[in-house]
Amino acid sequence: MKATFNPPVRTLMGPGPSDVSPRVLSAMARPTIGHLDPEFIRMMDEIKEMLQLLFKTKSPLTMPVSAPGSAGMEACFVNLVEPGDKVVVCQNGVFGGRMKENVERFGGEAIMVQDDWGKPVDLDKVEKALADNDNVKALAFVHAETSTGVRSDAESLCALAQKYGCLSIVDAVTSLGGIDVDMDGWGIDAIYSGTQKCLSCPPGISPVAFGEKAIDAVKNRKTPVPSWFLDKNLVMGYWGGGGKRAYHHTAPVNSLYALHESLVMLHEEGMENAWQRHQLHHEALRAGLEAMGVNFLVDEECRLPQLNTVFVPEGVDEAEVRTRLLNEYSLEIGAGLGALAGKVWRIGLMGSACNRRNVMFCLSALENTLSSMKAPITRGVAALAAEAVYNA
């Protein structure tokens, strides 16, 4: 007979999921009510309003998809890409590749703009691709690439999409809540994110928003949306607000309690304050790691504060380090993906995990582990360097 599962208590400092606040976990334990209950619908309206503030948009088609961030990505592509459509896809890591797969699965033609992993999307390459190809339907790119920790210039990329008369589709899975995202100000047409990164919510929900041009494109499709569940024409009747809600699917009620609470917490803190908090703790972590002799993959000017990708010191078995951190300190950091596998670690400072205690704990645990493995690092300086940032 199986026993009740009790997970270990971890400090989650990988690329996601991030630590979940006790307030959010407590919200999930509240009584389940019906997904058409008037009180639940009232909460839905509040979630929508807070997501609009977070995305910086007035779009009426702003909602949480009842599935993880990958479904948010698919919701954007399945609604906007039709057979034969040309989509310029920027790839500078794993998740641009997933955009390409979506375009092709829905019958579109992916025109790839490739950049080195760890580098931002090259604006000149993108403009050339748009200029060289007629009738491009959309430009798709990742704002904050989770596989590398690099930030691309979303505002300038969206300006290029507008210049060449195409839609912009933006992956904000790792950026939302950690750095500025300005849907209406930058002219983003479709955007998706996830709850498990800087929103510090359990995985399983994907906030999305479609702007006016994207909504028109969905309404004027030549072919039906090939996914019933993700068809925004149908879901809008449930999340549209105002009047009677049309039943579409049974929403994940308790998970949406969690999202509501995480958004309340973020707005209590203030979005700008949250961005500043992520930047401060990143600077302290960076100072400690660099003092130790651990260097960053991404150049400082385009480095994400919430996702720190660093090179493994020479001669060190990176998987053994992660295993020992997990077993001896109950601390999770992430491995490299693709071409970076075995070469880097990805250290997350996302949402509730982005705090002084975690920075100091991570530096201490990493230094102790590397020292015991006789790694080529400088000992006894990481904590002092981080503290200097905090005391400045």
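A brief structural summary. (Residues numbered from 1 in each chain as written. Predicted model: local features only at pLDDT ≥ 70, side-chain atom pairs only at ≥ 80, totals over all residues. Heavy atoms only, no water.)

Moving on: the side chain of Asp171. Among the secondary structure elements, Asp171 is positioned in strand S8 (residues 167-171). Arg98 is the oppositely charged side chain nearest to the buried, salt-bridge-free Asp171, at an N-O distance of 8.2 Å. For Asp171, the side chain forms a polar contact with the main-chain nitrogen of Val173, separated by 2.9 Å. Within the structure, Asp171 has its side chain in polar contact with the side chain of Tyr192 (distance 3.2 Å). Leave out the neighbours within four places in its chain, and Asp171 touches Phe95, Met99, Phe141, Val142, His143, Ala144 and Tyr192. (Helix = DSSP H or I, 4+ residues; strand = E, 2+ residues; numbered from the N terminus. Buried < 20%, exposed > 50% of the residue type's maximum accessible area, 1.4 Å probe, protein only. Lys, Arg positive; Asp, Glu negative; His and termini not counted. Salt bridge = Lys/Arg side-chain N within 4 Å of Asp/Glu carboxyl O. Polar contact = N/O pair within 3.5 Å; in protein donor to acceptor, adjacent residues only side chain to side chain. Contact = heavy atoms within 4.5 Å.)

With that out of the way, let us pick up the packing of helix H10 (residues 253-269) against helix H11 (residues 271-292). Direction vectors running N to C along H10 and H11 enclose 85 degrees, while the axes themselves pass 6 Å from each other. In terms of axis orientation, H10 runs roughly perpendicular to H11. Residues Leu266, His267 and Glu269 of H10 lie in contact with H11, whose contacting residues are Met271, Asn273, Ala274 and Arg277. Here the contact of H10 with H11 is composed, by residue class, of 3 nonpolar, 2 polar and 2 charged. (Axes fitted to C-alpha atoms, helices over the stretch in contact; angles between N-to-C directions. Parallel < 35°, antiparallel > 145°, perpendicular 65-115°, else oblique. Nonpolar A, V, L, I, M, F, W, Y, C, P; charged D, E, K, R; others polar.)

Right, let's talk about helix H12 (residues 318-329) for a bit. An ideal rise of 1.5 Å per residue puts 16 Å on 12 residues; H12 measures up with 16 Å between its terminal C-alpha atoms. All of the buried residues along H12 are Glu318, Val321 and Leu325. When H12 is viewed along its axis, its buried side chains cluster within an angular range of 55 degrees and face the same direction. Capping the start of H12, Asp317 holds a side-chain oxygen 3.1 Å from the backbone nitrogen of Ala319, two or three residues further along. Immediately downstream of H12, the backbone of Ser330 shows phi near 55 degrees, a positive value. (Expected span 1.5 Å × (residues − 1). Arc of directions from axis to C-beta.)

The strand order across the open sheet formed by 7 strands is S2-S10-S9-S8-S5-S3-S4, and the pairing between neighbours is mixed. Pairing within the sheet leaves two strands with one partner each, and these edge strands are strand S2 (61-65) and strand S4 (109-114). Strand after strand, the sheet turns through a mean of 15 degrees between neighbouring axes, direction not considered. The pairing of S2 with strand S10 (residues 206-210) spans 5 bridges and is antiparallel. (Pairing = 2+ DSSP bridges.)

A separate point is the sheet that holds strand S13 (residues 334-335). Sheets are built from strands that pair by backbone hydrogen bonding, the pairs being arranged parallel or antiparallel. Strand order in the open sheet formed by 3 strands is S11-S14-S13, with antiparallel pairing between adjacent strands. This sheet does not close on itself; its edge strands, each paired only once, are strand S11 (307-311) and S13. Bridge count between S11 and strand S14 (residues 344-348): 5 bridges; the pairing is antiparallel. Within S14, the residue paired with Phe311 across the bridge is Val344.

Counting residues in hydrophobic clusters, the biggest one holds 90 residues, and the most contacted among them are Phe77 and Phe210. Not counting chain neighbours up to four residues away, the residues in contact with Phe77 comprise Met99, Asn102, Val103, Phe106, Ala140, Ile169 and Tyr192. (Core = buried A, V, L, I, M, F, W, Y, C linked by side-chain atoms within 4.5 Å.)

What the rule picks out here adds up to 19 salt bridges. Between Glu320 and Arg324 there is a salt bridge whose closest N-O contact spans 3.8 Å. Highlighted residues: Glu320 and Arg324, both in helix H12, separated by 4 residues, approximately one helical turn. What makes Glu320 partly exposed here is its relative accessible area of 35%. Overlapping salt bridges bring together Arg23, Arg30, Glu261 and Glu268 as one network.

The next point concerns the packing of aromatic side chains. Using the criterion set out here, one finds 2 aromatic pairs in the structure. Ring geometry for Tyr238 versus Trp239: centroids 6.0 Å apart, planes at 75 degrees, classification edge-to-face. The residues Tyr238 and Trp239 share a single accessibility class, namely buried. Where Tyr329 meets Phe361, the ring centres are 6.3 Å apart and the plane angle is 65 degrees; that geometry is what we call edge-to-face. In this pair, Tyr329 is assigned in helix H12 and Phe361 in helix H13 (residues 356-372), connecting sequence segments 32 residues apart. A residue is classified by how much of its surface remains accessible, and Tyr329, at 25% relative accessible area, is partly exposed. Directly above the ring of Phe296 sits Arg303, whose terminal nitrogen or CZ lies 4.3 Å from the centroid. Stacked on the ring of Phe361, the Lys or Arg Arg357 has its end atom at 5.4 Å from the ring centre. (Phe/Tyr/Trp six-rings, centres within 6.5 Å; stacked < 30°, edge-to-face > 60°. Lys NZ or Arg CZ within 6 Å of the ring centre and 35° of its normal.)

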